[in-house]
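Structural description and commentary
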Amino acid sequence: MIQKRIRELVAYGLSTGLVEPEDKIYTTNRLLELFCLDELEDCADMDAKDAVTGKDGSFEPEYLEEILSDMLDYACANGLMEGDSIVYRDLFDTKIMSQLMPRPSQVIAKFKDLYEHQSPKAATDFYYKLSQDSDYIRRYRIKKDMKWVAPTAYGDLDITINLSKPEKDPKAIAAAKNAKQSGYPKCLLCMENEGYAGRVNHPARQNHRIIPVVINDSKWGFQYSPYVYYNEHCIVFNSQHIPMKIEKATFCKLFDFVKQFPHYFVGSNADLPIVGGSILSHDHFQGGNYEFAMAKAPLECMFTVKGFEDVNAGIVNWPMSVIRLSGDDTDRIIELADLILGKWRGYTDEAAFVYAETDGEPHNTITPIARKRGDKYEMDLVLRNNITTAEHPLGVYHPHANLHHIKKENIGLIEVMGLAVLPARLKEEMQLLKKAMLEGADLRDDEVLEKHADWVDEFSQKYDQIDESNIDSIVEAEIGLVFMQVLEDAGVYKRTEEGQAAFKRFIETLS
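First things first, this report covers the structure right here in the doc. (Residues numbered from 1 in each chain as written. Predicted model: local features only at pLDDT ≥ 70, side-chain atom pairs only at ≥ 80, totals over all residues. Heavy atoms only, no water.)

1. What about the overall build of the protein?
- When its secondary structure is counted, the protein shows 17 helices and 15 strands.
- Relative to a compact globule of 511 residues, whose C-alpha radius of gyration would be 24 Å, the protein shows 25 Å and is just as compact.
- Principal-axis analysis of the C-alpha atoms gives the protein an extent of 80 × 60 × 50 Å.
- Expressed as a percentage of its 511 residues, the buried residues of the protein come to 54%.
- A separation threshold of at least 6 residues defines the contact pool for the protein, and within that pool the share at least 24 residues apart is 65%.
- Summed over its atoms, the accessible surface of the protein is roughly 23400 Å², and 49% of this surface lies on carbon and sulfur atoms.
- Computed over 58 positive and 83 negative side-chain charges, the separation of the two mean positions in the protein equals 4 Å. (Helix = DSSP H or I, 4+ residues; strand = E, 2+ residues; numbered from the N terminus. Rg over C-alpha atoms; globule rule 2.2 N^0.38 Å. Buried < 20%, exposed > 50% of the residue type's maximum accessible area, 1.4 Å probe, protein only. Contact = heavy atoms within 4.5 Å. Areas by Shrake-Rupley, 256 points an atom, 1.4 Å probe, with all protein chains shown as cover. Lys, Arg positive; Asp, Glu negative; His and termini not counted. Charge placed at Lys NZ, Arg CZ, Asp CG, Glu CD.)

This is how it looks when you write it as structure tokens:
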């Protein structure tokens, strides 16, 4: 079997372009060495290329999973792996795929050639395909994610239940706890991840390649997220391990990237806990080739800032508090964005429960997103505040406790724009919930489902009948409405007459 799988993996490499025809023997021998084999046995009766390609000559991504699975079973049975858990299997299959990978310099050279002689999109198309073919983006896992669109008063929100991040088993968790602590790489976003073999507490990245970019005269890296929550979900990160910081230079960098890759949007998480992203220690942005619901949302009112009459400004019809700036001149948009940031950092309105700081701790910051729309440039500035109270210890402008049964985690850039990344537990919980509802069971008697009971009692009253024919669509729609409420909770200025009046009080301070 291992002999057959080696031939098939080489054929996969040739089919996808990871392996050049001239490198076929070389790649085969590297795989033989990896599996401690001395020779390739004669398998003339097996056409490896046909095994991994379809009728049109394209590869079948699911078959790569089969090839690697059998290879991992062999490696485990022959003592080539430390264990058979998902952590050790992921470490070793990344090592397998690294045997097919071109060197970073080759990838960079091809990317630059496509960028200069064809288009930025041609370059990113090549790089995105490479990142998938290399199994850095595990397509067969991404397909497991549950995704749907939920209509709301603010447009169609994207909902996903994330199932592509594997759960660590107890033995691997224990091994990671006991493993020697290392500061290399310093985090998952550092340049030093490229080609890194990984360990039980850090993923392998031998099949990973980074594209260097220069934005705002500083060196950054460009890569894709291995979990691709949306189309061409990319990460742009500082070559230096320095903390997140929202400042004027941030706006300059965002627009500089958009000018280089005009088919992509790019945004930054906020730079404070609770309202920031999961990695505040390394300056980075996220972008991609996707239009979120927030980008589609219209302006509900326009305003003009004195001295910036050439920049269009308005409040977006969105559950969170968003100011949209647009115009032809990015320098002017940046200047106004910097003015708004400065005003917001120091703004307090006790009547609206907005405090710039308490006990010396700053609370106000911004989540910025840049894009090109037609011939004009746009920047959305989402006002954020991370104040906490005894009633809301996780944050006043954070999902409130009554929504934690669906979403408790921080609301970062992706959620701000209208895509819910929900925990994997919900897949099983929603299956059990629907079964219990159809059977008329008391949810409060179930320790897993009791947290959903009040929610079900509330939305069930909206429907004349809930049965097998409509329960799936009802539960999906209601989860979408919960996410809408999550965003409303995260909004500093509420979607009420009083809340919007308070928003406009802040706008008046800009002139």
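2. What about the pattern of salt bridges?
- Within the structure shown, the criterion is met by 34 salt bridges.
- Residues Asp90 and Arg138 are paired through a salt bridge, measuring 3.7 Å at the closest nitrogen-oxygen approach. Residue Asp90 is found in helix H5 (residues 86-98), and its partner Arg138 is found in the loop between helix H7 (120-133) and helix H8 (139-142); the two are separated by 48 residues along the sequence.
- Judged by relative accessible area, which is 16%, Asp90 ranks as buried.
- Between Asp457 and Arg444 there is a salt bridge whose closest N-O contact spans 3.0 Å. (Salt bridge = Lys/Arg side-chain N within 4 Å of Asp/Glu carboxyl O.)

3. As for the sheet that holds strand E7 (residues 284-288)
- Taken in spatial order, the ten strands make up an open sheet running E3-E4-E5-E7-E6-E13-E14-E10-E9-E8, and their pairing is antiparallel. Edge positions in the sheet fall to strand E3 (211-215) and strand E8 (299-303), since each of these pairs with one other strand and no more. Neighbour to neighbour, the strand axes of the sheet diverge by 25° on average, direction disregarded.
- Bridge analysis of strand E13 (residues 364-373) against strand E14 (residues 376-385) gives ten bridges, and the strand direction is antiparallel. Of the residues in E14, the one forming a bridge with Pro368 is Leu381.
- Taken strand by strand, H7 contacts E3 and strand E4 (218-224), and its axis lies near 55° from that of E4. (Pairing = 2+ DSSP bridges. Axes fitted to C-alpha atoms, helices over the stretch in contact; angles between N-to-C directions.)

4. Let's talk about the environment of Gly195
- Its location among the elements puts Gly195 in the loop between helix H9 (170-178) and E3.
- A residue is classified by how much of its surface remains accessible, and Gly195, at 38% relative accessible area, is partly exposed.
- Expressed as a C-alpha distance, the spacing of Gly195 and Trp455, which sit 260 residues apart in the sequence, is 47 Å.
- If we ignore the near neighbours within four places in the chain, the residues touching Gly195 are Arg205, Gln206 and His208.

5. Description of the side chain of Asn364
- You can see Asn364 is positioned in strand E13.
- Classification of Asn364 as buried rests on a relative accessible area of 2%.
- Polar contacts involving the side chain of Asn364 include one to the side chain of Asn385, which spans 2.6 Å.
- Setting aside residues up to four positions removed in sequence, Asn364 forms contacts with Leu272, Trp344, Arg345, Tyr347, Val354, Tyr355, Ala356, Arg384 and Asn385. (Polar contact = N/O pair within 3.5 Å; in protein donor to acceptor, adjacent residues only side chain to side chain.)

6. As for the side chain of His284
- Examined against the element boundaries, His284 turns out to sit in strand E7.
- Polar contacts involving the side chain of His284 include one to the main-chain carbonyl oxygen of His282, which spans 2.7 Å.
- If we skip the residues at most four places from it in the chain, His284 touches Leu189, Trp220, Ile235, Val236, Phe237, Met244, Ser268 and Ile279.

7. Overview of the state of the cysteines
- The tally for this structure, following the rule as stated, stands at zero disulfides.
- Take Cys234: it sits in no disulfide, and the sulfur closest to it among the cysteines is that of Cys187, at 17 Å.
- Overall, Cys234 belongs to the buried group, its relative accessible area being 0%. (Disulfide = S-S within 2.5 Å.)

Function cannot be read off these values alone, since they describe shape.
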